[in-house]
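An overview of the molecular structure
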Amino acid sequence: MSGANLMTTKSDKTDKVVGGVDLTGTKENPTEAWLVVGRISNLGLEIIEVKKTGSHLLARDLAAYKTIEALGVNCPLSLPQKFLDFLAQKKLKKNYEEWHQVVEDLVFTPYDEFLSIAKEFAKEPKRITDTASGANAASPLKRGNPPMLHLTHHAIRFLATLDPARYFVRPMQDPIAFGCAVMEVCPQSTMNFLKLQDISYESKDKGDQSRDKDELRREKLVHNLSKIKERKALTFKDFPALIINQRNLMHNFLHSDKAVEALLACYATSVYAVSPEHFEDPFAADALEVLTEGWTYRLKNL
């Protein structure tokens, strides 16, 4: 399951379609989502669609791309093992042996019931991936700021809408021939690795003056991302260049924090599609829990 070449080789960079998704952790169900889709060629990653949609519509949106082979999702795709054991007991079942069993239970579990179980569990442990290689990610069970529990519930329910004959979730499921790999990614980690200036692109104040500043910050971030091959050609020689040719697509990035996060998710996924060796290997943790807890695919130095 850990084979690095299950998707591609470094020399095969043509006609690959990849996507990035950002879900909103609000109480609304379904929740708002942003989808960014790009096509990889020898020139780089060209963004071909930026779309504000909903968690319940993403499967339909993605179906338009028959050859999509990787999708990065900016949110936890599973839960800590200790909580999964507790959840199984609440569902009057033995411990979950496979990740899809978790999804099958949670897709029919309303959020209020899920929240009640999490409150009864009382703890907010982290997954192995949340602290691997120096990471310091929030627990998917976190109910404070930033609230992760609702986001995780939305993400798992979204995954249940995907065609199981077409999509497989790494590293929990075996690859499908000509299928699409779904991966948990972290835009902030991607920014840090690429040494993009941390410009705090997420808006704070909603006033007009602040909004203008937010647009400038987002523009600078996207500009810096598109220039990484020029700034550090040798360091990032295996990475695709970011190409945004359509002005209307750039307009979305200037006006939405979530669109920017979906772009970062798409870019990280494009790097995985052409050079998977640049990412932390979930099985290097030597822990079977990653097959139920999931894994965040973060860039690493070779």
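Notes on the structure in this doc start here. What you see as residue numbers is a count from 1 along each chain, following the sequence as written. Local features in this predicted model are restricted to residues whose pLDDT is 70 or higher, and side-chain atom pairs enter the listing and the counts only when it is 80 or higher, whereas totals over whole chains, interfaces and linings include all residues. Side-chain metrics rest on all non-hydrogen atoms present in the structure, leaving aside hydrogens and water.

**Comments concerning the pairing of strand S4 (residues 68-73)**
Buried residues dominate S4, accounting for six of its six residues. Only strands that DSSP links by at least two bridges are regarded as paired with each other. Helical segments are the DSSP runs of H or I of at least four residues, strand segments are the runs of E of at least two, and each set is numbered from the N terminus. As defined by bridge partners, strand S1 (residues 16-23) adjoins S4 across five bridges and the pair is classed as parallel. Bridge pairing links Val18 to Ala70 in S4. For S4 and strand S6 (residues 180-185), the ladder comprises four bridges, and the chain directions are parallel. What sits directly across from Gly72, in S6, is Met183. The rule is simple: take the accessible area with a 1.4 Å probe, protein chains only, and divide by the maximum for that residue type; under 20% is buried, over 50% is exposed, in between is partly exposed.

**Observations regarding the packing of aromatic side chains**
Pairs of aromatic rings are described using the distance from one ring centre to the other and the angle between the two planes. Two rings from Phe, Tyr or Trp (for Trp, the six-membered ring) form a pair when their centres sit within 6.5 Å of each other. Planes less than 30 degrees apart are called stacked, planes more than 60 degrees apart edge-to-face, and all others tilted. All chains considered together, the criterion is met by nine aromatic pairs. Judged by centre distance (5.3 Å) and plane angle (75°), the rings of Phe83 and Phe121 are edge-to-face. Here Phe83, found in helix H2 (residues 81-90), pairs with Phe121, found in helix H4 (residues 111-121); they are 38 residues apart in sequence, far enough to count as distant. One exposure class covers both Phe83 and Phe121, and it is buried. The lysine or arginine in question, Lys123, covers the ring of Phe121, its NZ or CZ lying 4.4 Å from the ring centre. Lying over the aromatic face of Tyr167, Arg166 brings its terminal NZ or CZ to 5.8 Å of the ring centre. Remark: a charge is flagged as sitting over a ring if the NZ atom of Lys or the CZ atom of Arg is within 6 Å of the ring centre and within 35 degrees of the ring normal.

**Topic: the environment of Leu216**
By secondary structure assignment, the location of Leu216 is in helix H8 (residues 208-226). A residue is classified by how much of its surface remains accessible, and Leu216, at 55% relative accessible area, is exposed. For the pair Leu216 and Ile176, spaced 40 residues apart in sequence, the C-alpha to C-alpha distance is 42 Å.

**Structural notes on the pattern of salt bridges**
Put simply, a salt bridge is a Lys or Arg side-chain nitrogen that is within 4 Å of an Asp or Glu carboxyl oxygen. A full pass over the atoms with the stated rule returns 14 salt bridges. The closest approach of N and O atoms between Lys51 and Asp61, which form a salt bridge, is 2.9 Å. Of the two residues, Lys51 is situated in strand S3 (residues 44-54) and Asp61 in helix H1 (residues 58-63); the sequence distance between them amounts to ten residues. Taking relative accessible area as the criterion, Asp61 reaches 6% and is therefore assigned buried. Between Glu184 and Arg127 there is a salt bridge, and its shortest N-O distance comes to 2.7 Å. Note that Glu184 is positioned in strand S6 and Arg127 in the loop between H4 and helix H5 (128-131), a separation of 57 residues in sequence. In terms of burial, Glu184 and Arg127 fall into one category: buried.

**Examining the side chain of Thr31**
Its place among the elements puts Thr31 in the loop between S1 and strand S2 (32-41). Pairing of N or O atoms within 3.5 Å defines a polar contact, subject to two protein rules: one partner must be a possible hydrogen donor and the other a possible acceptor, and residues neighboring in sequence count only if both atoms are side-chain atoms. Only 2.6 Å separates the side chain of Thr31 from the backbone oxygen of Thr24, close enough to count as a polar contact. Any two residues whose heavy atoms approach within 4.5 Å at even a single point are treated as in contact. Not counting residues within four places of it along the chain, the set of residues in contact with Thr31 comprises Thr24, Thr26, Thr53, Gly54, Ser55 and His154.

Treat this as a map of the structure, not an account of what it does.
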